[in-house]
Amino acid sequence: MIKISARNQRIKLPLLLIALLISAFAIGTTEFVIIDILPNVANDLNVTLSAAGLLVTLFNWSLDRRGATYTVSAELE
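Residues numbered from 1 in each chain as written. Predicted model: local features only at pLDDT ≥ 70, side-chain atom pairs only at ≥ 80, totals over all residues. Heavy atoms only, no water.

## Observations concerning the overall build of the protein
Heads up, the condition is: Strands here mean DSSP runs of E at least two residues long; helices mean DSSP runs of H or I at least four residues long; both are numbered from the N terminus. Each residue's exposure class comes from its accessible area (1.4 Å probe, protein chains only) as a fraction of the maximum for that residue type: buried when under 20%, exposed when over 50%, partly exposed otherwise. Accessible surface area values rest on a Shrake-Rupley calculation with a 1.4 Å probe, where residue burial reflects the displayed protein chains alone.
A tally of helices and strands in the protein yields two helices and zero strands. Burial status across the protein gives 5% buried among its 77 residues. Accessible area for the protein stands at about 6,900 Å²; split by element, carbon and sulfur atoms hold 70% of it.

In structure tokens form, the structure reads like this:
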């Protein structure tokens, strides 16, 4: 068994929180950037705005499903 000192734990926790904060910001940014340019995407693809929004919704839903699947498979190993 590996022993970790209290000092190392105090240093490690803030680093993990900072990593979590950066990851959450990056994921949130990528999810919402498309909303600003959605009318341009719809025009470029020659589809309605609602159809382009549905494509974004389906893409985000697929990412959500894959993330859950990866989490479950990682816990099974």
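Picking up after the structure, the text goes on.
## Let's talk about unusual backbone geometry
In the Ramachandran plot, N46 falls in the positive-phi region, its phi being about 55° despite a non-glycine side chain. Looking at the element boundaries, N46 is found in the loop between helix 1 (6-45) and helix 2 (49-76). For N46, a relative accessible area of 69% puts it in the exposed group.

## So, the environment of E31
In this structure, E31 sits in helix 1. Overall, E31 belongs to the partly exposed group, its relative accessible area being 22%. As a C-alpha pair, E31 and N60 span 29 residues in sequence and 7.5 Å in three-dimensional space.

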